[in-house]
Amino acid sequence: MHFGTGNIFRAFPAVLCQTLLNQGLTETGIVCCEGYDEEIITRCMRPFDNLSLIVTLCANEKMEKELVASVTESLALSTDEDRVREIFKTPSLQMVSFTITEKGYSLRGADRELLPAIRNDLERGPEHCTMFLPRLVSYCLTRGKTCGKPLALVSMDNCSHNGEKLKLAVFEILDAWKEKGYLEEGAYEYVQNHISFPWSMIDKITPRPHESVQRALEADGWEDMAPFVTSKNTYIAPFVNAEKPQYLVIEDDFPNGRPCLEKAGVMFTSRETVNAVEKMKVCTCLNPLHTSLAVFGCLLGYQSIAAEMKDEDLVGLTEKMSAHEGLPVVVDPGIIDPRAFLQEVLKERFPNPFIPDTPQRIATDTSQKLSIRFGEDIKLHLARGTAHSLVLMPLVFAGWLRYLKGVDDQGNAFACSSDPLLNKLQPGMQAIAEGAVVSAEDLEPTLSDLRIWGADLQAAGLKERVVQYFNEFNAGPGAVRQTLHKYVTACYPNEPS
Ligand SMILES: NC(=O)C1=CN([C@@H]2O[C@H](COP(=O)(O)OP(=O)(O)OC[C@H]3O[C@@H](n4cnc5c(N)ncnc54)[C@H](O)[C@@H]3O)[C@@H](O)[C@H]2O)C=CC1
Ligand SMILES: O=P(O)(O)OC[C@H]1O[C@](O)(CO)[C@@H](O)[C@@H]1O
């Protein structure tokens, strides 16, 4: 069973299951369920008999099309709760997976208080809850009470220690219900001893469905392919467009057994190795480079990540930053070679002109991403005493501060992508006039906010450097390009990348 029927589910886990079906290695498909955006079920799955068209955008312009029929049922929690509960009672259920975005695991709002609807569910107990996570816990309790078989709940979301995140949410709910006397004898122990929360690392660039792909499909005779945006803001279509490379690494902790997904390319390993792979990808070899392209792409007027990979300054930025500031501190996870992974990212994946991905999409929530994507490596440099010599990571930080002004390098206003800190940070940055020279104090408390940077910029010797770069970026039209070019070409001159 899978919760969260958005684009990545249909492009990746559903295809893995189809691969096993095609090889006769499994006889069952996936039951998918929406506990949030039910329009995906009613407008995208059911009208198409739960079939999805997966379009792989190859670097040679070829579009590989696969009709995926591995989804056997599509359920909406508000109308199909009985069916979901019935499935949770089934002894043969081995694995429930999730792609519900990082927000999907939150019981609390930005003020760290319990969300009102969650608070109500904790008051009302497992029989009468309304929100997704409490309901999930309620289904697990039903399983414990009926068949009592174990189960793996596998988060496949793109957040660090995803299994831990899901487990913490589940246990916060259980603890509250236990305290209020809602749990029957043995219920808590069932979840504690029989439900596992494997960690995973998932990687496959799956942009929103794009009109260019729709047009190509319609030219081939496919009908009713138009992408649309649901009222809950999911960008979706009867087809999914994605790149070909894909990595799924899962902690091998399945107490009721598991499908033989290794035959479809999934790597099963220890939690430590999942963690190391995740760090390699998120902290060094993919996501910091993506965020760098996002920030400068928006400032330099780009609408495509692939187009940015033809820009010498941006290629220099990503190549030199990864080679001289990232790779020296990366830990080799053993099952994926960081250098080979990085080469594929820089030479094949980001430059693929047929992937309709945008810097604006990746710039979403940058304030929440910097700490993991850069802060972890900066802390490693701090420990080695090399943080003060970093050039390009602080250049990206300064670029992001300049980005927050919402004015591009030509002086034209643009809308920053959505970000929970935008309302808080943008007014201060917009108050800095073009050409003004600010000091570190002027950029406080932002520069000292560990939640943003993940590392202490002062201790790293980088605070003044960020301010200096920001002032250079802010000098006037063309200053972003000039400054970027100056530092990218000047840094690490004699060292091969
Ligand atoms: N798109 C990509 O390239 C990749 C995405 N992922 C992970 O998968 C997640 C989903 O990505 P997509 O499917 O592409 O996004 P999408 O926008 O197509 O779908 C989002 C899904 O999350 C559900 N959701 C959103 N908020 C929720 C909430 N508060 N509670 C429960 N469910 C909620 C929606 O109902 C929908 O099923 C990402 O956030 C990321 O963590 C992982 C690797 C690649
Ligand atoms: O910056 P974001 O929003 O996490 O998106 C990063 C992109 O790269 C990936 O990390 C590649 O797997 C995808 O999750 C996503 O398409």
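Residues numbered from 1 in each chain as written. Chains lettered and ligands numbered in written order. Predicted model: local features only at pLDDT ≥ 70, side-chain atom pairs only at ≥ 80, totals over all residues. Heavy atoms only, no water.

The name an unreviewed UniProt entry assigns to the protein is Mannitol dehydrogenase family protein, from the organism Ruthenibacterium intestinale. Entered under Catalytic activity (unreviewed entry) in the UniProt record, the comment concerning the protein runs "D-mannitol 1-phosphate + NAD(+) = beta-D-fructose 6-phosphate + NADH + H(+)". (UniProt positions renumbered as here; feature names shortened; annotations may be inferred.)

Colleague: Can you help me understand the UniProt feature "domain: Mannitol dehydrogenase C-terminal" (unreviewed entry) in the protein in this one?
Modeller: Sequence positions flagged by UniProt for "domain: Mannitol dehydrogenase C-terminal" (unreviewed entry) are, in local numbering, residues 274-470. Across residues 274-470 one finds 57% helix and 0% strand; the C-alpha atoms that close the span lie 36 Å apart. (Helix = DSSP H or I, 4+ residues; strand = E, 2+ residues; numbered from the N terminus.)

Colleague: In this structure, what is going on with the sheet that holds strand β3 (residues 52-57)? I would like to understand it.
Modeller: Working definition: the strands of a sheet are paired by backbone hydrogen bonds and lie parallel or antiparallel to each other. In spatial order, the strands read β4-β3-β12; together these 3 strands make up an open sheet with mixed pairing. Lying at the two open borders of the sheet, with one neighbouring strand each, are β4 (63-68) and β12 (239-242). Between one strand and the next, the sheet's axes are offset by a mean angle of 20°, whatever the strand orientation. (Pairing = 2+ DSSP bridges. Axes fitted to C-alpha atoms, helices over the stretch in contact; angles between N-to-C directions.)

Colleague: For this particular structure, what's the right way to read the site of ligand 1?
Modeller: Near ligand 1, the surroundings consist of 20 residues, among which N7, E34, D157, N158 and T206 are the closest. Interatomic distance of 2.5 Å between a side-chain N/O atom of E34 and an oxygen atom of ligand 1. D37 is positioned with one of its backbone polar atoms (N or O) 3.3 Å from an oxygen atom of ligand 1. In isolation ligand 1 offers 810 Å² of accessible surface; the protein chains occlude 83% of this area. (Near = heavy atom within 4 Å. Polar contact = N/O pair within 3.5 Å; in protein donor to acceptor, adjacent residues only side chain to side chain. Areas by Shrake-Rupley, 256 points an atom, 1.4 Å probe, with all protein chains shown as cover.)

Colleague: Help me out: how do you make sense of the pattern of salt bridges in this one?
Modeller: It is possible for side chains bearing opposite charge to pair when their charged atoms get close. Applying the stated rule across the entire model yields 27 salt bridges. Across the salt bridge formed by E102 and K165, the nearest N and O atoms sit 3.2 Å from each other. Note that E102 is positioned in the loop between β6 (95-98) and α5 (116-124) and K165 in helix α7 (residues 162-179), a separation of 63 residues in sequence. Connected via shared salt-bridge partners are K62, E64 and K244. (Salt bridge = Lys/Arg side-chain N within 4 Å of Asp/Glu carboxyl O.)

Colleague: Help me understand the UniProt feature "domain: Mannitol dehydrogenase N-terminal" (unreviewed entry) in the protein, please; the structure alone is not making it clear to me.
Modeller: UniProt records the feature "domain: Mannitol dehydrogenase N-terminal" (unreviewed entry) for residues 1-262 in the present numbering. In this annotation, residues 1-262 is assigned 35% helix and 20% strand; the end-to-end C-alpha distance for the span is 18 Å.

Colleague: So what exactly am I meant to see when it comes to helix α9 (residues 211-219) here?
Modeller: Quick reminder: α-helices carry 3.6 residues per turn. Residues three or four places apart thus point the same way. Looking only at α9, the buried set comprises V213, Q214 and L217. All buried residues of α9 fall inside an arc of 105° around its axis, so they share one side. Set apart from the buried face of α9 by more than 90 degrees, the exposed residues are R215 and A219. Packed against the buried residues of α9 are β3, β4 and β12. Of the residues flanking the end of α9, it is G221, one or two places downstream, whose phi is positive at about 100°. (Buried < 20%, exposed > 50% of the residue type's maximum accessible area, 1.4 Å probe, protein only. Arc of directions from axis to C-beta. Contact = heavy atoms within 4.5 Å.)

Colleague: When you look at the domain arrangement of the protein in this model, what are you seeing that I'm missing?
Modeller: How large an interface is tends to be reported as the accessible area lost when its parts come together. One can read the domain layout of the protein as domain 1 (2-269) and domain 2 (272-490). Distance between the C-alpha centres of domain 1 and domain 2: 31 Å. Listed as interface residues are 30 residues of domain 1 and, on the opposing side, 22 residues of domain 2. For the pair domain 1 and domain 2, the summed buried area comes to about 2,200 Å², and 65% of that belongs to carbon and sulfur atoms. If you sort the residues of domain 1 by the area they bury against domain 2, M201, I205 and Y247 come out on top, with a joint share of 23%. Across the domain 1-domain 2 interface, the total number found is 2 salt bridges. Across the pair R349 and D203 runs a salt bridge whose closest N-O atoms are separated by 2.8 Å. Linking domain 1 with domain 2 are 8 residue pairs in polar contact (both at pLDDT 80 or more), by the criterion used here. Contributing elements (two or more residues each) for the side of domain 1 that touches domain 2: β9 (200-203), β12, β13 (247-251) and β14 (267-269). Here the residues of the side of domain 1 that touches domain 2 are counted per class, giving 15 nonpolar, 9 polar and 6 charged. (Domains from an automatic or database assignment. Buried area = accessible area lost by both parts, 1.4 Å probe. Nonpolar A, V, L, I, M, F, W, Y, C, P; charged D, E, K, R; others polar.)

Colleague: Explain the nonpolar core here, please?
Modeller: Note on soluble globular proteins: their nonpolar side chains tend to be buried together. One finds F296, F350, W400, L401 and Y403 to be the most contacted residues of the largest nonpolar core, which totals 87 residues. A domain split of this core shows at least three residues from each of domain 1 (2-269) and domain 2 (272-490). For F296, the residues in contact, after removing those within four places along its chain, are E308, L314, L317, L395, V396, G399, F473, V480 and L484. (Core = buried A, V, L, I, M, F, W, Y, C linked by side-chain atoms within 4.5 Å.)

Colleague: Whenever I open this one, unusual backbone geometry confuses me. Can you help?
Modeller: One can expect most non-glycine residues to show negative phi and most peptide bonds to be in trans. Of note, the amide linkage connecting E444 to P445 takes the cis form, showing an omega dihedral of 5°. Within the secondary structure, P445 sits in the loop between α18 (422-430) and α19 (450-453). Non-glycine residue D49 carries a positive phi angle of around 55°. Along the polypeptide, D49 turns up in the loop between α3 (39-45) and β3. Of the residues examined, D49 reaches a relative accessible area of 62% and is grouped as exposed.

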